[in-house]
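Tertiary structure, described
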Amino acid sequence: MMAPVKEINMDRVREKLYYSKLDSGLEVFILPKKEYSKQYAIFATNFGSVDMRFSVPGEDGITEVPAGVAHFLEHKLFEEEEGNVFDRFSRLGASANAYTNFTSTAYLFSSTTNFYQCLEVLLDFVQSPHFTDENVEKEKGIISQEIRMYDDNGEWKSFFNMLQGLYHRHPVRVDIAGTVESISGIDKEVLYKCYSNFYHPDNMVLFVVGNIDINDTLELVVNNIKGNLSEREEDIKRYYPKEPDGIHAERIEQVLAVSQPIFNIGVKDSKVGFGGKELLSKDTVTSVLLEMLFGKSSALYQRLYSEGLIDDSFGFDFVAEVDYSYSMLGGESPDPDKLYSIIEKAMAEMKTEDLREEDFRLARNKLLGRYLRNFDRLEYIAANFIAYHFKGANFLDFIEVLEQTDLEAVKRRFEEHIKPWASSLSVVSPQ
Amino acid sequence: MEGVYYQQKLGDGINLYLIREPKFKTVSASLVMYRSFDENTTGNALLPQILKRGNEDLKDTKAIEKFLGQRYGASLNVDVLKKGDMQLIYLGSSVISDKYTIKGEGVVSEILSFLTGLVERPLIEEGGFRREYFVQERDNLGKLINARINDKIQYSIDRCYEETAKGQPFGRYRYGDSEELQGITPEGLAEYYRTVLAEAPMDIFVVGDVDIADINDFLDNPPAFERREIKYPGQALSSSQHSAPTEVVERMNVNQGKLTMGFTTGVGYTHEQYAPMLVYTSILGGGAHSKLFNNVREKASLAYYSFARLEKFKGLMVIGAGIEIANYRKAVGIINEQLGQMKKGSISDTELTAAKKALINDIYSMQDSQLHTADFLINRIVSGHTMTPKVLVERISDVTREDVAAVADGIEHAVTYFLTDNRKDGEGECR
C-alpha cells in the first residue's frame with residue numbers, strides 16, 4: 001500500500017519537497033538532493049523540556065512529570081535489550097545522534113551508504129523502548145556529568161539565567177536536562193508514560209534529505225511503522241502556567257571561572273499564543289528588525305564596538321515559539337551594565353522614523369543570503385524544518401515570507417516588541 | 001579532489017584553486033597566507049582582525065557591510081588557523097552563487113576582488129595601520145587570548161598539546177600571547193605586514209557552483225602587489241620527541257574535572273601507517289562504537305563524553321573526558337585498561353569494521369561541505385601529501401587488526417593534564 005504523495009515546488013531555491021501523511025498520523029517529508037554524498041534523516045516527536053504538565057488522550061486529569069524527563073527519555077531510547085542502538089548504526093557505517101530542546105526531541109543519523117537499512121534502524125529503535133530499573137539508574141551518572149559540564153559553560157549559564165530573568169513561571173526557565181536533583185526522581189514508569197503519550201506517530205514527524213529515492217523511502221516508512229496505531233481523535237493538551245507580560249528579574253549575576261563577563265540581554269515578547277504562517281511571519285519581521293537595530297551596519301553596533309563594549313562574540317537572535325517568545329543579545333563584554341544601559345536607552349529613545357528604507361533593504365538581503373547559505377547544510381535544513389513544523393509552519397516558506405515583508409511591518413513590530421521594561425540582563429562574571 | 005578542479009597561478013607564489021560543485025547554492029571563497037609559529041605569531045593573529053575593518057576602498061565597517069549587504073548578504077570571516085607548525089592568516093567569504101541572484105548578476109567575482117582588496121590595500125596612515133582600528137583590535141585580541149579558559153574542554157585539549165610540544169613552535173597558542181601583543185605597534189605591525197605581503201605564499205580557494213567564466217573579471221585583475229622572494233614556512237609536519245610522562249594539574253573554580261591525556265604516536269599525515277593510525281584512534285575513542293565511549297561512559301557511567309583524537313600534523317593523540325573530580329584515579333585506570341587492550345590487539349571484528357566505516361563515512365560526508373573541501377586542500381598543501389579522499393578510503397578499507405596493533409606499539413604516553421577545582425583537601429586530588 002502506497003500513501004498518497006504531495007509535491008511541493010519551491011521555485012526560489014529550485015527544490016522539490018514531497019509530503020505524505022500516513023494512517024497512523026505520522027507526517028513524512030522527503031527532500032531529495034541527489035548530488036549530495038550524504039543522506040540525513042530525523043525522526044522527531046513534539047515533546048520537549050517545557051512539556052511537564054499535560055493530558056493523555058482518553059484519560060482524565062493532568063499528568064505532571066519532573067524536569068528533564070524528555071531529555072532523559074532521549075538518552076534511554078538508545079538502549080536495547082541486546083546492547084545499544086549505536087552499535088547497529090556503527091555496523092552500517094552511519095553516525096547516529098539525538099537532541100532534546102525546549103519543544104522537541106529528535107533522533108537522527110547521517111549516512112553515505114546503507115541508507116535504507118539505517119532508516120529501518122532509526123524507525124525501529126525509536127518505536128522500541130526498553131527501560132529497566134537498572135538501566136534508568138545507570139543513566140543518572142552519565143546525565144549528571146552532562147549537567148555538570150554545562151554548569152561550567154559560561155555562555156550556557158548566562159543564557160539560562162536570562163530565561164529565568166524573563167520568565168516568572170513558564171517551564172522554559174528550567175534547564176533542558178533538569179537538575180541532578182530533579183532527574184533523581186525519574187523512574188521507568190514515568191518514562192513509559194511519557195513515551196506512550198508523546199511517541200505516538202500522530203505526534204511525530206520524519207524528515208529525510210539527501211541522496212535518496214522518494215518512493216523507496218516512503219515504502220520503507222509505511223512498512224516499518226509498527227502495529228495498528230491510528231491517529232488519535234483527541235490531541236494531547238499541554239498546560240503551561242499563566243505567564244505575566246512583565247519580566248521576573250531585571251538583572252541576574254553568577255560567578256564562574258571566565259576571563260571577562262559574559263552577558264545575555266533578553267526582551268520578552270508578549271505577542272504569543274499562535275503558530276502557523278503568522279508565527280513564521282512574526283519571526284521573519286522581527287529578525288529583519290533586529291538586524292536593523294543591532295546588525296553590523298547599525299549605528300548602535302558601531303558605537304558599542306568602537307567603545308570596546310562588544311567584540312566579535314556579539315550576536316543576537318529571535319526565538320518564536322507558540323507559547324513563549326523573546327529576542328536576545330549576547331556575547332562577552334568588559335562592562336555589561338554599561339552596555340545594557342546604552343541599549344536600554346537606545347530602545348527607549350528610538351523612533352519608527354529612525355528605521356529607514358535603505359537599512360531595511362540591506363537587512364532583508366542579509367537574511368536572504370544567510371538562509372541560502374544554510375541551505376547548503378542538510379543538518380540545518382532538517383533541524384529547522386522539524387522545529388517549524390511543530391509550530392505549524394513550513395521553514396521552506398521563509399524566502400516567500402521574507403520577500404513579502406515590508407518596512408511598515410517592521411515598524412509596527414518595533415512599536416510592539418522593543419520595550420525596555422520587558423528586558424532583562426544576565427551576567428556571568430569572573431571571580 | 002574528485003570534483004572538477006582548476007588551478008591557476010595568479011602571481012608569484014599566489015595560486016587560485018577552483019572546485020566546481022554544482023550542488024551548492026552558495027560559493028565559499030577562502031584566502032590564506034602561510035606563516036610559521038615564531039616571534040610574529042601574535043602579530044599574525046592581529047593582522048586579519050585589522051584587515052577586516054576596512055581598506056582604501058571601503059574605509060569602515062559600515063561601508064563593508066553595505067557592500068556585502070548589496071551582494072545578498074555575503075559573509076566575511078577572518079581568523080588564524082593552526083596547521084601543525086604552521087600558522088595561516090585566513091580571510092573567507094560565503095556568497096550566493098551567481099545562478100541564484102535575482103537578475104543573474106555576477107557577485108562571486110566581486111567578492112574575490114573584495115577579499116584580495118582587503119589584503120592588498122590596507123588602510124595605512126602615517127606609516128602605520130589606522131590607529132583607531134589597531135587599538136580596538138589589539139584590545140579585542142587581548143580579550144580573546146584571555147578568553148581561552150572559557151571553553152574548558154577545548155582549553156584542556158590545547159593545554160595538553162602545548163605541554164606535549166613544550167618549547168616547539170606547535171606549543172604556541174594559535175592567537176599568540178598577551179606579552180607579545182603588548183609589544184606590537186601600528187607602525188611595527190604595518191612594517192611586518194609589508195614583509196608578509198612580499199614573501200608569504202598565498203592561496204585562494206573557491207568552492208561552489210562556479211565556472212571559470214564567472215570569475216573572469218577577477219582573473220583579469222589579479223592581486224598586483226610587489227613580491228620578493230617567496231618564503232615557504234617549511235612543512236606543517238614534524239614529529240614530537242618522546243620523554244618521560246609528566247603530570248600537569250591546573251586549578252580553577254570548576255564543577256567538573258577535565259581529564260586530558262597526550263600521547264606521541266610517531267605517525268603523522270604523510271606516514272605510510274597513517275590509515276592504521278586513524279583506525280586505531282577511531283576504535284579507541286572515535287565515537288559511539290569506541291572503547292572509551294563504551295567503557296568510560298556506558299559501562300562505568302563516569303562521563304558524558306570521552307574521546308580520542310588525532311593531531312595529524314604532529315603525530316599526537318589526545319584523550320579527553322569530563323569527570324567527577326573524585327573519580328580521577330578510577331577514570332585514568334579505565335582509560336589505561338583500554339590502551340592496554342589496544343596494545344594487545346584485543347580488538348573485535350565489530351570494532352574494527354565499525355571504526356573503518358565511521359572514518360569512511362566522515363570522508364564522504366566531507367565532500368558535502370564547502371569548508372571541509374577547502375580545508376582538505378589546505379591540509380594537502382601544508383603537508384605536501386597528495387592523497388585523494390578516494391585513495392585514503394581505499395587505504396582505510398585495507399587496514400587489518402595487525403596493522404592497528406603495529407601502530408599501537410609506537411604510542412607513548414607523554415602528558416596527563418588535569419583541570420580541577422580549587423579544593424586542597426585529599427578528595428579530588430590527583431596525586
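Residues numbered from 1 in each chain as written. Chains lettered and ligands numbered in written order. Predicted model: local features only at pLDDT ≥ 70, side-chain atom pairs only at ≥ 80, totals over all residues. Heavy atoms only, no water.

On the side of chain B, 62 residues touch chain A, which itself brings 59 residues to the contact. For the chain A and chain B pair, buried surface summed over both sides reaches about 5300 Å², with 49% attributable to carbon and sulfur atoms. Of all residues in chain A, A:Gln145, A:Asp152 and A:Arg373 give up the largest surface area on contact with chain B, accounting jointly for 12% of the area buried on that side. Its salt-bridge partner being A:Arg148, residue B:Glu324 comes within 2.9 Å of it at the nearest N-O pair. At the boundary of chain A and chain B, one finds 36 residue pairs in polar contact (both at pLDDT 80 or more). With nine residues, helix α4 (residues 133-151) of chain A is the single largest residue contributor to the side of chain A that touches chain B. Counted by class, the side of chain A that touches chain B contains 17 nonpolar, 20 polar and 22 charged residues. (Contact = heavy atoms within 4.5 Å. Buried area = accessible area lost by both parts, 1.4 Å probe. Salt bridge = Lys/Arg side-chain N within 4 Å of Asp/Glu carboxyl O. Polar contact = N/O pair within 3.5 Å; in protein donor to acceptor, adjacent residues only side chain to side chain. Helix = DSSP H or I, 4+ residues; strand = E, 2+ residues; numbered from the N terminus. Nonpolar A, V, L, I, M, F, W, Y, C, P; charged D, E, K, R; others polar.)

Further remarks concern the sheet that holds strand β7 (residues 95-100) of chain A. Residue and element names in this part refer to chain A. Spatially, β1-β2-β3-β9-β4-β8-β7 is the arrangement adopted by the seven strands of the open sheet, whose pairing is mixed. At either margin of the open sheet sits one strand with a lone partner, and together these are β1 (6-10) and β7. On average, each strand axis in the sheet is inclined to that of its neighbour by 15 degrees, with strand direction left out of account. In this structure, β1 lies alongside strand β2 (residues 15-21), joined through five bridges in antiparallel fashion. Its bridge partner being in β2, Glu7 is matched across the sheet by Tyr18. Each of β2, β3 (27-32), β4 (39-45), β7 and β9 (204-210) is contacted by helix α13 (residues 378-389), which is oriented at about 155 degrees to β9, the strand it contacts most. (Pairing = 2+ DSSP bridges. Axes fitted to C-alpha atoms, helices over the stretch in contact; angles between N-to-C directions.)

Residues and elements named next belong to chain B. Taken across its eight residues, strand β12 (residues 316-323) has eight buried, putting it largely inside the fold. Both strand β10 (residues 257-264) and β12 contribute to a ladder of eight bridges, which runs antiparallel. Across the sheet, Lys258 pairs through a bridge with Gly322, a residue of β12. Pairing of strand β11 (residues 303-311) with β12 involves seven bridges; the strand directions are antiparallel. Counterpart to Arg309 in the pairing with β12 is Val318. Once β11 ends, the chain turns through four residues before running back antiparallel as β12, passing Gly315 with a positive phi of about 65 degrees. (Buried < 20%, exposed > 50% of the residue type's maximum accessible area, 1.4 Å probe, protein only.)

On to the domain arrangement of chain A. All names here are of chain A. For chain A, the assigned domains are domain 1 (6-224) and domain 2 (251-429). Here domain 1 and domain 2 have C-alpha centroids that lie 27 Å from each other. With 43 residues of domain 1 at the interface, the matching set in domain 2 holds 38 residues. Among the residues domain 1 hides against domain 2, the three largest losses belong to Arg12, Met162 and Leu166. Together they make up 17% of the total. Inspection of the domain 1/domain 2 interface yields two salt bridges. Measuring nitrogen to oxygen at the nearest pair gives 2.7 Å for the salt bridge that ties Glu379 to Lys38. Broken down by element, the side of domain 1 that touches domain 2 gets its largest block of residues, 11 residues, from helix α5 (residues 154-166). (Domains from an automatic or database assignment.)

Residue and element names in this part refer to chain B. Each assigned domain of chain B is listed with its residue range as follows: domain 1 (4-220) and domain 2 (246-420). Computed from C-alpha atoms alone, the centre-to-centre distance between domain 1 and domain 2 is 30 Å. In this assembly, 35 residues from domain 1 lie in contact with 35 residues from domain 2. Across the domain 1 to domain 2 interface the summed buried area is about 2900 Å²; carbon plus sulfur atoms make up 72%. Of all residues in domain 1, Lys83, Cys160 and Tyr161 bury the most surface against domain 2, accounting for 20% of the area lost on that side. Viewed at the interface, domain 2 and domain 1 are joined by four salt bridges. Across the pair Glu250 and Arg159 runs a salt bridge, and its minimum N-O distance is 3.3 Å. For the side of domain 1 that touches domain 2, the secondary-structure elements that each account for two or more residues are β2 (14-20), β3 (26-36), β5 (86-96), α5 (152-164) and β8 (202-208). Considering each element in turn, the side of domain 1 that touches domain 2 owes the most residues, 11 residues, to α5.

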